[in-house]
Amino acid sequence: MSKTLKELVKIRKIPFDKEQLARVAKAYEFAKKAHAGQKRKNGVDDYFEHCVETAAIIAKMGLGSISTAAALLHDVPEDTSYTMEDIEREFGKDVAFVIDGVTKVGKVRLRENAQEYFLENLRKMFLAMAADIRVVLIKIADRLHNMRTLDCLPEKKRERIAKETMEIFVPIANRLGIGEVKGELEDLSFKYLDPENYKKIVKLENEAFAERQSYVNKAMKELQEEFRREKLKLIDIHGRAKHYYSLFTKLQDHDMDISKIHDLSAIRIIFPTVANCYEALGIVHKRYNPLIGRIKDYISLPKPNGYRSIHTTVFGPEGKILEIQIRTERMHDEAEYGIAAHWIYSEKKTWKDFIVGKKKDVDIPEDQLRWITQLREWQRETGGQTDEFWASLKIDFFKNHIFAFTPKGDVIDLPEKATPVDFAYQIHTEVGDRMESVKINGRMVSLSHEIHNGDVVEVITSKENKMPNRDWLKFAKTVQAKSKIKASLRKHGIEVV
Ligand code: MN
């Protein structure tokens, strides 16, 4: 059963105003009508449920009404009889723009046996094509729901999708600092990619966790007493289990010996203010001795993806080792789902300071750092949480690049304003020399046509003619294409300068 409109909008922490609510309501009804009668691949669930669940994830992340509406409608142009034009007419340019991005990014596919450098290209391309942070987040939400319901899809497809999730979506979610989403995507991929180890880890963790449960409860009680005595108010205290995949990778570093994992069950304590967090750290350490070198203050030194929290490992009740995480409610929300709020506080240090000399998993490419810094600035200017804020988050670090597809789905990286001539020579000299005509997105266009991000370019070659046209030099943009055209013309005895 799909969530009702009322259930859906309630998920967002900050309520929509009247106008925003009307937009979401209209999208809800439109998507319901457009997908009426459609079932998911398992033949049981209504397709519409997928639309609502995707929108629910977006609402939970705190995105605005345009994004929530776009999430509800994200599969309409591809899978129903309604077109992009219909959406633009009904919902306006902004919603249409976001959905158009989602549709285009949907073409980014992981090819088998892709090399690491190619994967990085694909991630870049994903972000570049998205052109807008809302598009990225809707794609992530779409993927998360598809992963949660992967059994709905044919078996053949499952592994490909799980692999693509692990290689493309998990690193992007990580860079955006949406830890809870990243962890869930990772665990779901793990389940399908390595079912044997997945089962082993689930069993291991559940046993160890059950064993530790009463111990964790005891520690929580002792800590609560301590805070009460010191008159320090807390918002929440709870035990948290480690994500399966992250436990698996940690175990691999520790000879698969679970007794060596200190943060298997951690206690998480949420306080109203940052000052409370530091005060709480002192109280925790007064009660339980800390392990030397295990205090991590990600509040004053956030992780590059914005994660903030204080972690400490202590000798808890009975001298057993226990990890404790201390944070404010806002930090907690950010770590779980939010990306907007990360950038509100300005750190004195630059992001680069966090990167230099650190491990490779925090090594974020320079261009992405710039993007993150920019996000933070925009956030500060606009106050965040509004549709305007989200609309302002254009991803422009690949501004001078466009990415186009071959009909097989290979990604071709081109400079701005490139034409089919550039595209053809990028594939192969032979393809360029023999090019006769070209189709873009299935339509015949001239060879001087400007290629846009996400276009599918099909070069039609001639069997007889092996010679480029001299005029092509006028609209080739890349040095590579120009020099290849000239070389080819010279070979045929045509003088060119
Ligand atoms: Mn979808």
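If you're wondering where the values come from, they're calculated on a predicted model, not measured in any experiment. For every chain, the first residue of the written sequence is number 1, and numbering continues from 1 onward in sequence order. Totals for whole chains, interfaces and linings use every residue, but because this is a predicted model, local features are given only for residues with pLDDT of at least 70 and side-chain atom pairs only at 80 or more, for both listing and counting. In computing side-chain properties, one takes all heavy atoms of the structure into account and sets aside hydrogens as well as water.

Caption draft 1: Spotlight on the sheet that holds strand E3 (residues 296-297). Read from one edge of the open sheet, five strands run E1-E2-E5-E4-E3, paired in mixed fashion. The open sheet has two edge strands with one neighbour each: strand E1 (236-241) and E3. Here E1 pairs with strand E2 (residues 265-271) via six bridges, running antiparallel. Residue pairing in the sheet places Asp236 in a bridge with Ile270 of E2. Throughout, a residue-residue contact means that at least one pair of heavy atoms, one from each residue, lies within 4.5 Å. The convention used is that axes are lines fitted to C-alpha atoms, helices contributing only their stretch in contact, and that angles between N-to-C directions extend from 0 to 180 degrees. Labels follow the DSSP assignment, with helices taken as runs of H or I lasting at least four residues and strands as runs of E lasting at least two, numbered in each case from the N terminus. Contacts from helix H14 (residues 329-336) reach E1, E2 and strand E5 (321-328) within the one sheet, and its direction differs from that of E5 by about 105°. The pairing criterion for strands is at least two bridges between them, as found by DSSP.

Caption draft 2: Expanded view of the coordination of the manganese ion. Bound to the manganese ion are the protein donor atoms His50 (NE2), His74 (NE2), Asp75 (OD) and Asp142 (OD), situated 2.2 to 2.3 Å from the metal. Summarised as a motif, the one-chain spacing of the donors to the manganese ion is H-x23-H-D-x66-D. Note on Asp75: relative accessible area 11%, which makes it buried. Counted as donors are the N, O and S atoms within 2.8 Å of the metal, or 3.2 Å for Na, K and Ca, while water is not among the atoms, so some sites may look incomplete. Remark: exposure states derive from per-residue accessible area (1.4 Å probe, protein chains only) relative to the maximum for the residue type, with buried under 20%, exposed over 50%, and partly exposed in between.

Caption draft 3: Structural context of the packing of helix H6 (residues 84-105) against helix H8 (residues 133-148). Taken N-terminus to C-terminus, the directions of H6 and H8 make an angle of 55°; their axes are 9 Å apart at the nearest point. Taken together, the axis directions place H6 and H8 in an arrangement best described as oblique. Crossing geometry of H6 relative to H8 is assigned as right-handed. Every residue of H8 that contacts H6 at Phe97, Val98, Gly101, Val102 and Val105 is listed here: Arg134, Val135, Ile138 and Lys139. Residues are sorted three ways: Asp, Glu, Lys and Arg are charged, Ala, Val, Leu, Ile, Met, Phe, Trp, Tyr, Cys and Pro are nonpolar, and all the rest, Gly among them, are polar. The residue inventory of the contact of H6 with H8, partitioned by class, reads six nonpolar, one polar and two charged. Our angle categories are set so that under 35 degrees counts as roughly parallel, over 145 as roughly antiparallel, 65 to 115 as roughly perpendicular, and the remainder as oblique. Put simply, a crossing is left-handed when the front helix is turned counterclockwise from the back one by less than a right angle, and right-handed when it is turned clockwise.

Caption draft 4: Region of interest: the confidence of the model for the chain. Residue-level pLDDT values for the chain average 82, and 81% of them are 70 or greater. The predictor attaches a confidence to each residue, and that confidence, scored 0 to 100, is pLDDT. Mean pLDDT across the elements of the chain bottoms out in helix H15 (residues 351-355) (28) and peaks in helix H2 (residues 18-34) (96). Under a pLDDT of 50 for its full length, residues 340-385 has, in the predicted model, 78 contacts with residues more than four places off or in other chains. Counted against residues more than four places away or in other chains, residues 392-398, with its pLDDT under 50, gives 26 contacts.

Caption draft 5: Looking closely at the side chain of Thr103. Note on placement: Thr103 falls in helix H6. Side-chain polar atoms of Thr103 contact the backbone oxygen of Ile99, separated by 2.8 Å. The contact partners of Thr103, leaving out residues within four places of it in the chain, are His74, Pro77 and Glu78. Polar contact is the term for a pair of N or O atoms within 3.5 Å; when the atoms are in protein, one must be able to donate a hydrogen and the other to accept it, and sequence-neighboring residues count only if both atoms are side-chain atoms.

Caption draft 6: View of the packing of helix H10 (residues 179-193) against helix H12 (residues 244-253). Between H10 and H12, whose axes approach to 7 Å, the crossing angle comes to 70°. Regarding the angle of H10 to H12, the classification is roughly perpendicular. Within the contact between the two elements, H10 uses Glu186, Asp187 and Phe190 and H12 uses Tyr244, Tyr245 and Phe248. For the contact of H10 with H12, the residue count by class is four nonpolar, no polar and two charged.

Caption draft 7: Representation of the sheet that holds strand E9 (residues 443-445) within the structure. Strand order in the open sheet formed by three strands is E9-E8-E10, and the pairing between neighbours is antiparallel. In this open sheet, the two edge strands, each paired with only one partner strand, are E9 and strand E10 (457-461). Taken pair by pair, the neighbouring strands of this sheet meet at an average axis angle of 35°, ignoring direction. As judged from the three bridges shared by strand E8 (residues 435-440) and E9, these two strands associate in the antiparallel manner.

Caption draft 8: A look at H2. Helix length check: H2, at 17 residues, gives a terminal C-alpha distance of 24 Å against a target of 24 Å (1.5 Å per residue), a fit within 8%. All of the buried residues in H2 are Gln20, Val24, Ala27, Tyr28, Phe30, Ala31 and Ala34. The backbone nitrogen of Glu19 lies 3.2 Å from a side-chain oxygen of the residue at the head of H2, namely Asp17. To estimate how far a helix should extend, the number of its residues minus one is multiplied by 1.5 Å.

Caption draft 9: Representation of the pairing of strand E6 (residues 401-405) within the structure. Across the five residues of E6, four count as buried, placing the element largely inside the fold. Across five bridges, E6 lies against strand E7 (residues 411-415) in antiparallel orientation. Looking at the pairing, Phe405 lines up with Val411 of E7.

Caption draft 10: Structural detail: the environment of Lys163. Tracing the chain through its elements places Lys163 in helix H9 (residues 155-176). Between the C-alpha atom of Lys163 and that of Glu186, which follows or precedes it by 23 residues, the distance is 10.0 Å.

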